There are 4 protein chains.
Amino acid sequence: MADAKVVPQVGELLKNSPKNWGKWGPDDEVGSLNYLTPEVVAKAAGSIRSGKVFTLQVKMANPEGDPVWPGRSGAVRINVMDEGHYIAGKGPHFEGGAHYADDFMTCFLQGSTQYDALGHVWYDDQIWNGYDSKSTIGGLAKASILAIAERGVVGRGILLDMARYRKKDVLDVAETFTHEDLQACAKAQGTEIQPRDILVIRTGWIGKFYKVSREEFYGNFVEPGLTYSPALVQWFHDMEIPNLVTDTIANEVTVDPVSGVVLPLHNALMRNLGVTLTEIAWLDDLGADCAADGQYTFLYAAAPLKVVNGTGAPVNPIVVK
Amino acid sequence: MADAKVVPQVGELLKNSPKNWGKWGPDDEVGSLNYLTPEVVAKAAGSIRSGKVFTLQVKMANPEGDPVWPGRSGAVRINVMDEGHYIAGKGPHFEGGAHYADDFMTCFLQGSTQYDALGHVWYDDQIWNGYDSKSTIGGLAKASILAIAERGVVGRGILLDMARYRKKDVLDVAETFTHEDLQACAKAQGTEIQPRDILVIRTGWIGKFYKVSREEFYGNFVEPGLTYSPALVQWFHDMEIPNLVTDTIANEVTVDPVSGVVLPLHNALMRNLGVTLTEIAWLDDLGADCAADGQYTFLYAAAPLKVVNGTGAPVNPIVVK
Amino acid sequence: MADAKVVPQVGELLKNSPKNWGKWGPDDEVGSLNYLTPEVVAKAAGSIRSGKVFTLQVKMANPEGDPVWPGRSGAVRINVMDEGHYIAGKGPHFEGGAHYADDFMTCFLQGSTQYDALGHVWYDDQIWNGYDSKSTIGGLAKASILAIAERGVVGRGILLDMARYRKKDVLDVAETFTHEDLQACAKAQGTEIQPRDILVIRTGWIGKFYKVSREEFYGNFVEPGLTYSPALVQWFHDMEIPNLVTDTIANEVTVDPVSGVVLPLHNALMRNLGVTLTEIAWLDDLGADCAADGQYTFLYAAAPLKVVNGTGAPVNPIVVK
Amino acid sequence: MADAKVVPQVGELLKNSPKNWGKWGPDDEVGSLNYLTPEVVAKAAGSIRSGKVFTLQVKMANPEGDPVWPGRSGAVRINVMDEGHYIAGKGPHFEGGAHYADDFMTCFLQGSTQYDALGHVWYDDQIWNGYDSKSTIGGLAKASILAIAERGVVGRGILLDMARYRKKDVLDVAETFTHEDLQACAKAQGTEIQPRDILVIRTGWIGKFYKVSREEFYGNFVEPGLTYSPALVQWFHDMEIPNLVTDTIANEVTVDPVSGVVLPLHNALMRNLGVTLTEIAWLDDLGADCAADGQYTFLYAAAPLKVVNGTGAPVNPIVVK
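Here is what the cut-offs are and how they apply
- Residues numbered from 1 in each chain as written.
- Chains lettered and ligands numbered in written order.
- Predicted model: local features only at pLDDT ≥ 70, side-chain atom pairs only at ≥ 80, totals over all residues.
- Heavy atoms only, no water.
- Helix = DSSP H or I, 4+ residues; strand = E, 2+ residues; numbered from the N terminus.
- Buried < 20%, exposed > 50% of the residue type's maximum accessible area, 1.4 Å probe, protein only.
- Contact = heavy atoms within 4.5 Å.
- Areas by Shrake-Rupley, 256 points an atom, 1.4 Å probe, with all protein chains shown as cover.
- Lys, Arg positive; Asp, Glu negative; His and termini not counted.
- Charge placed at Lys NZ, Arg CZ, Asp CG, Glu CD.
- Least-squares fit on C-alpha atoms with pLDDT ≥ 70 in both.
- Buried area = accessible area lost by both parts, 1.4 Å probe.
- Polar contact = N/O pair within 3.5 Å; in protein donor to acceptor, adjacent residues only side chain to side chain.
- Nonpolar A, V, L, I, M, F, W, Y, C, P; charged D, E, K, R; others polar.
- Core = buried A, V, L, I, M, F, W, Y, C linked by side-chain atoms within 4.5 Å.
- Phe/Tyr/Trp six-rings, centres within 6.5 Å; stacked < 30°, edge-to-face > 60°.
- Salt bridge = Lys/Arg side-chain N within 4 Å of Asp/Glu carboxyl O.
- Pairing = 2+ DSSP bridges.
- Axes fitted to C-alpha atoms, helices over the stretch in contact; angles between N-to-C directions.
- Parallel < 35°, antiparallel > 145°, perpendicular 65-115°, else oblique.

Some words on the overall build of chain A
Scanning chain A for helices and strands turns up 11 helices and 15 strands. Across its three principal directions, the C-alpha atoms of chain A cover 70 × 50 × 45 Å. The buried share of chain A, taken over its 321 residues, is 67%. Taking the intrachain contacts of chain A between residues at least 6 apart in sequence as the baseline, contacts between residues at least 24 apart amount to 79%. Of the roughly 10200 Å² of accessible surface on chain A, a fraction of 50% belongs to carbon and sulfur atoms. Taking the average place of the 28 positive charges on the side chains of chain A and the average place of its 39 negative ones, the gap between the two points comes to 4 Å.

Structure, rendered in C-alpha cells:
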C-alpha cells in the first residue's frame, strides 16, 4: 500500500491509458462485447465436447449469508404464500383446488454474482463512451445493464485457475497477478489465451467465504486479483478481451499496491475500454472439473437480468464443455 | 368456462394421469431436466449455425410496468448511490477519487420471466416426487428453484410460433391449442418436434402487454394457451419434454374450458411429470428472426438465479442460432 | 385551471411572501413547531374533558389498498414467521417451547398518514431556513423528519369540519376554501381558532377512497383544499399556526386555480414559514364525534417515526377530548 | 441458567397462571388496554404540569445501526427523488417548478421501538383470548397490532429508573429485578405505583447499544429485566397494569434463571393477561429529566402504526410532563 506518499487521482494515473470511446458509435452501451460477433459465437460452439454443464452463480438469499462488498447486504427472500396459508384457511381458492407457494425478494443489484453495467464506475464526470456522469442520477440513463442483458454474452471462455497454478487453495489477502501470470497459467494448463476469449479467473476467494468466519473474511478486506499496469491495460486492448469473470467481489486487487489508487482497473478496463466485468462467480466446481479432464476452454453463455436503468444485475452464467 | 356444472377437484381430474415420481430417485428435485443428459446437450450444440444470439427475458423493473399475474406487482429498482451524491459532497471517498453508482431492487420471484420450482404448485398435500406439501412453508425445503438453478437448462430448443401459424399478431383471450396443433405448427414451419426438445411456444400475448392499456390486458384475464387432455399429458410424457417455455404468464389457458379447473397443466405436467415451466418469455424478436431465416431450432441455455428455497427465480434465457 | 396563460414560477408567485428563515436560529429544523412552547402545551391539557381518545392514521399495508399520491404505492407487509413454520417443523426452538410470529414491511415514507419534513418541497435551490437544496441528495441532511420526530407535536387541536359545514359527505373534486372559510366554519361550530392552534381540517376526501372505485378516486385527481392567496399566508403567519392536518393527500387544492401553480402552499407555508404539514389523516370518526358532542377542541399529540434523514415519516396522531 | 436440568414447557410452567381470556368478550383484541377507560385518561391529564414533551422512539433506519433482536436487521431508508434528479434533468415537472424529495423504507415491524400485538407470542396452539394460533399464519387475523393502534394508549405513566435506583449507568447482562424491586424503586423516587399505571422501566440497556461495539452488545446477549414468578404475575393482575414499556429489546430477562424458559413473561403477561408490551424505548433523556425535576409521573400517549394484520408496529411514544 502507498503509505507516506501522495495517492494520485485516477484521472492522472490513467491520462495516457487507451480508450475505446466512439469506436462502436456514439450510442454504444456494450463496449467490448461488440467483439463477440456471430462468427466468434459460432466458432465458440466448437468448444463443446462432452456436453457437461456448469452454472457459475453463488447461492443467493442464502440463510447462511451471501458474499458481498462491505456495506452492501445479502439478498432476502420471504414467502408470501405456502401450504401454511391453506392449513389456516387463508389460501386463495382456485377452481379445482390447486395450491401454490409464492415469494418476494430484496437485493442489491450488485449483491450476488453479477455483471457491472459499463456506467457503474467512473471518474472526471464521464462514464463509458463519454456520457455525462450526471446521467447516472436516479438510474443509469446511459450504459445501464439493460444493454448488456439485451445482447447477452456468448463466446469462448477459458478458465485460468490461478489458485491451482500457484498450488494454493486460495490466493492470499492482497496477492496480485498480472497478464503475464495469466499467460503462464494458461500455458501450464496446456492452453493458450486467444483474442476475444472470455477470461474466467479463479482465485479460490469466494470459496473461502463459505469456509471461514465472517470476521476473518471481511477483517482485512483486500482481495487478491489483477493489478494495474499500463502494459496490462494494453494487453487487454490488443487481445480485445470482451469480458473478465472472477471469483472475487471486485475483479482486481482492492488497492493498487503501486499507486495506492482503489480499483483502478474498473476505470482502465471498464470505463475506458468497455471491458465488461463479472464478479462473485462460483468457480470451485468448474475448477475441479477442468483439473480432472484437462479441458479448460468451453462455451460460455451468460445474460444478466434485464433490469431497466440498473447499475448491474445478477446473473447465473452457464458453461458448456 | 364450466358454468352451471360442478368443477371437479384437480386430484379427481388427474387421478389416472401419469407420474414420474421416484423415477430419478427419492431425492430428485429437477424432474424432467434429467432428460437433458450430456449427450443431449452435446448434440444440441449442432443447432448452432450463424452464431446469432437472442435473450428471452422481458424488461424488469420497467418504469412503464412489468407483466405479472394479477395480485403480484412488478419489480422496483431504486438508486442508492450515484453522481448526485458526489455533487452533494456525500459520496464515499475512494483513494484516487473513483465514483460509482449502486442500486437496490425488490421483486416477486415469479414477477418477471422466470422458472417455476417443481414445488411451486400442487394438490392433495404432495408436491413433485411426493414430498410433503408442508415442506413449502416458509420456503421450499424440497424441489426449490435452487436445484434447477444449480443444474442449468441446456438443450435443443424449438420455436413453435402459434401466433404466426394462425396468422395473428396475438392469440385471442382464452384461445386454446393442443399438442396436435403444436405438431402441425412445427410441420408448417418445416420442422419436427423431437424427443427431449425444449418447447418454446409463442402466442404474442406478452407483446400485447406493451401495446394495449392495462385495463385491456388485465380486464378479462384468461390467457391463451395449451389446454388439458389426457392425450396431451401422455404426449409430453412419451416425448420426454424437459421444459415448456411460453410468452404467457402461466404457460397454459388460465381455465380449462372443459372441466373448469384452473391451471390443470401445472399439476399434470409439473407436479406429476416434473416438466419445468418457464413463463413470461419475450419471444417476439426471436419469432421475427425465425420467420425471416427459416431456422426454428437452436441451442437453448438458461439458468435461473440460485435463490435458496425459492418458489421460482427470474431468468434471462439465451438462444444461440 | 390556468388554461391558455403562462403559469408563473413559484418563486415569482411568492416573491413577496413572508419567511421565518433564521427566526429560530441558523440551525433550526422544526420551524413553527417552536410556537408549541411548554406553556402552550400545558394550557392545551385543559382541553381534555371526558377522556375520549381518537387515533388519526389510516390503515396501513391494507390488503384492500392504501390511499397514496399517484406514482407511489401502498405499504406491503409480509409474514416471515408464524404458526405455519412450527407446523412444518421449521420454527426456531426456544427453551420452553414458546412460538412467535414476525413480519416485514416496505413502504414509501410519504405513503400513509404522515408528517412532511420541512425539507420535503422547495424551489430556487433552497429548502426551509435557507439550507442548500443539494442537502436533500441521498437523504435530507438538513430539516429531515428526524427533528420533528425528536421534538413531537403536542398542543391544542381544533377540528374544522369543512364537509359538514358545507353540508356534504365529501367536498368536490377541486373544491377550494380559504382561511376566511375556516373561520366561518369554526364560528358555525361554536368555536374560535386561537393563535398557535393545530388546525385539523376535514374534507371527507380520504373517506371517499374507501367508498368509490380506484378509477373514480384517481381518475380526475384534483383534491379539494385550501387555496393560495397572500392574505391566507399572512393569516397563517399572524396566527402562528404550527401544524396543518388534513384528510387529503397533499393538504391543499392540487393546482392553484388562479395561477396554475401546483401545490404553492407547500412552499408558502412549509418552505417559507416552517408550518408542518400532516397529510392523509383519518378524520371521519373524529368528525362524527365532534358533531355529536359539540366539542371541537382537544389535546392533539403526534410524533412521526424517527427516520434518520427521512423526507417524512408515518404517524398515528392521537386526539384526547 | 438452568444447566443440567430439564427445562419445563412454558405451558407446564404457567399451568396455574391467571388468564383474562373472555373478560372483555370473545372478540377482544386489546386486552388490558381496556383498563384505560375515559375516566382513567381524563385523570391522567392531571399529571401534566410544566408542558415538557419527550419522545421515546430510538432513531430508525440509522446509518449507524438500529438495536434489534438477533436475527432481525435494522430498517433501511433509500431516497427515490431529490435535488440530484433535477440537476440531472430527471425530476418530474410540476407547473410552477416546485421540486421535492421522496424516500422508501424497508423494516421489520418489530425492528424499532414497537408495540407487540397481543398475538405476537404464544404456546399450546392458542394466542391471547384463546384464538387459534393458526390464525397467525400469513398475518394475524386476530389480536393483530391494528386493534391496539386503532384504540391508542393514553394514561398515567410512571418512570421506574432501575438503573439510577441501583446507581448504575446500565444494568448488567442478565441482571434481574422483581415487582417488589419496582415498588422499592418507586418509593425511592418519592412516588407510588398506582393501579392502571403504565409502567416505564429504564435499565440503560438501549443506551449501551450506542456506546459499545456491536460485538460487546450482542456478544453475550442476555438482557437484564423483570424475572418470572407467580407472585409477579399476580401483582400485574391485581394492579391491572395495562402496558409495560422498557428500554430493552424483549421487556424481560431473556432467559428465566430459575426455570431456564425463554421469555416466559411474554406468555404470562401478554398471552394470558393481555398486558401490552412496548420494547426498545429510548428512556435516557426522560430519565435524566425526571432525576432533575423529581417528577416521575406524566401523561403517556402512544399509538403504533395501524398496520393491518401486523405482529407489531413501530411507535414513537409521547410523554407530557
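Text resumes after the structure shown.
Comments concerning the relation of the copies chain B and chain A
Expressed as a screw operation, the relation of chain B to chain A combines 0.0 Å of axial shift with a rotation of 180°, fitting to an RMSD of 0.0 Å. What we have between these two chains is a two-fold relation. For chain B, the residue whose C-alpha comes nearest the rotation axis is T106 of chain B, separated from it by 2.2 Å. In this assembly the copies share their binding face: 100% of the residues contributing to the interface of chain B also contribute to that of chain A.

Considering the interface of chain A and chain C
Taken residue by residue, the interface counts five residues in chain A and five residues in chain C. Of the roughly 510 Å² buried between chain A and chain C on both sides combined, carbon and sulfur atoms contribute 90%. Considering only the side of chain A, the residues that lose the most area to chain C are I78, I87 and F104 of chain A, jointly responsible for 63% of the buried surface there. For the interface between chain A and chain C, the tally reads zero residue pairs in polar contact (both at pLDDT 80 or more). A per-element tally of the side of chain A that touches chain C places strand β2 (residues 76–81) of chain A first, with three residues. Counted by class, the side of chain A that touches chain C contains four nonpolar, one polar and no charged residues.

Section: the nonpolar core
When a protein is soluble and globular, its nonpolar side chains tend to lie buried together. Ranked by internal contacts, the top residues of the largest apolar core, which has 190 residues, are Y300 of chain C together with Y300 of chain D. By size, the runner-up hydrophobic cluster in this structure holds 188 residues, among which are F94, I127, F177 and L286 of chain B.

Description of the packing of aromatic side chains
Applying the stated criterion across every chain, the model contains 64 aromatic pairs over all chains. Both rings, one in F104 of chain A and one in F108 of chain B, keep their centres 5.2 Å apart while their planes meet at 80°; by these two values the pair is edge-to-face. With F104 of chain A in strand β4 (residues 102–108) and F108 of chain B in strand β4 (residues 102–108), this residue pair bridges two chains. Like F104 of chain A, the residue F108 of chain B is buried in the burial classification. When the ring of W235 of chain B is compared with that of F236 of chain B, the centres are 5.4 Å apart and the planes differ by 85°; the resulting orientation is edge-to-face.

Let's talk about unusual backbone geometry
In this model, A174 of chain C sits at a positive phi of 70°, which is unusual for a non-glycine residue. Relative to the helices and strands, A174 of chain C is located in the loop between α5 (162–165) and β8 (176–177). Overall, A174 of chain C belongs to the partly exposed group, its relative accessible area being 35%. In this structure, R196 of chain D is a non-glycine residue whose phi angle is positive, near 70°. Within the fold, R196 of chain D resides in the loop between α6 (179–188) and β9 (198–202).

As for the interface of chain B and chain A
If you look at the interface, chain B gives 88 residues, while chain A gives 88 residues. When chain B packs against chain A, the two sides together hide about 6700 Å² of surface, and 62% of this comes from carbon and sulfur. Put simply, chain B and chain A have two salt bridges between them. With its nearest N and O atoms 2.9 Å apart, the salt bridge here joins R72 of chain B to D102 of chain A. On the surface where chain B and chain A come into contact, there are 48 residue pairs in polar contact (both at pLDDT 80 or more). Ranked by residues supplied to the side of chain B that touches chain A, first place goes to β4 of chain B with seven residues. Across the side of chain B that touches chain A, the residue classes tally to 46 nonpolar, 26 polar and 16 charged.

Some remarks on the relation of the copies chain A and chain C
Relative to chain C, chain A is turned by 180° and slid 0.0 Å along the rotation axis, the superposed coordinates differing by an RMSD of 0.0 Å. Most of the interface of chain A is mirrored in chain C, where 100% of its interface residues again form contacts.

Some details on the pattern of salt bridges
With the rule as written, the count across this model stands at 72 salt bridges over all chains. The shortest N-O distance in the salt bridge between K321 of chain B and D289 of chain B comes to 2.6 Å. Within this pair, whereas K321 of chain B is found in the segment after β15 (318–320), its partner D289 of chain B is found in helix α11 (residues 284–293), the two being separated by 32 residues in sequence. Overall, the relative accessible area of 16% leaves D289 of chain B in the buried class. A cluster of three or more residues bridged by salt bridges with shared partners is formed by R166, K168, D172, E175 and D181 of chain A.

Quick look at the sheet that holds strand β5 (residues 114–116) of chain A
Residues and elements named next belong to chain A. Pairing is mixed across the open sheet formed by nine strands, whose spatial order is β1-β15-β13-β7-β9-β11-β12-β5-β14. Taken across any chain shown, the strands that pair with only one partner, and hence form the sheet edges, are β1 (53–55) and β14 (312–314). Taken over all neighbouring pairs, the strand axes of this sheet differ in orientation by 25° on average, direction set aside. Pairing geometry for β1 and strand β15 (residues 318–320), over three bridges, is antiparallel. Bridge pairing links T55 to I318 in β15. Its contacts with the sheet place helix α11 (residues 284–293) against β1, β7 (153–161), β9 (198–202), β13 (297–302) and β15, and it is angled at close to 70° to β7.

Quick look at the packing of helix α6 (residues 179–188) of chain C against helix α9 (residues 230–239) of chain C
Residue and element names in this part refer to chain C. At their nearest, the axes of α6 and α9 sit 9 Å apart, and the two run at 55° to each other. Accordingly, the angle class assigned to the pair α6 and α9 is oblique. Residues H179, L182 and Q183 of α6 pack against A231, L232 and W235 of α9. Residue composition of the contact of α6 with α9, grouped by class: four nonpolar, two polar and no charged.

Describing the side chain of T248 of chain B
All names here are of chain B. Note that T248 resides in the loop between β11 (243–246) and α10 (264–271). Judged by its relative accessible area of 2%, T248 falls in the buried class. Within the structure, T248 has its side chain in polar contact with the backbone nitrogen of N251 (distance 3.1 Å). With residues up to four places along the chain from it excluded, the contact list for T248 reads T203, W205, I206, E223, P224, E279 and I280.

Section: the sheet that holds β4 of chain B
Spatially, four strands are ordered β2(A)-β4(A)-β4(B)-β2(B) in an open sheet, and the strand pairing comes out antiparallel. A strand with exactly one partner marks an edge of an open sheet, and here the two such strands are β2 of chain A together with β2 (76–81) of chain B. Each strand of the sheet is rotated relative to its neighbour by a mean of 15°, with strand direction disregarded. Bridge analysis of β2 of chain B against β4 of chain B gives five bridges, and the strand direction is antiparallel. Its bridge partner being in β4 of chain B, N79 of chain B is matched across the sheet by D103 of chain B.

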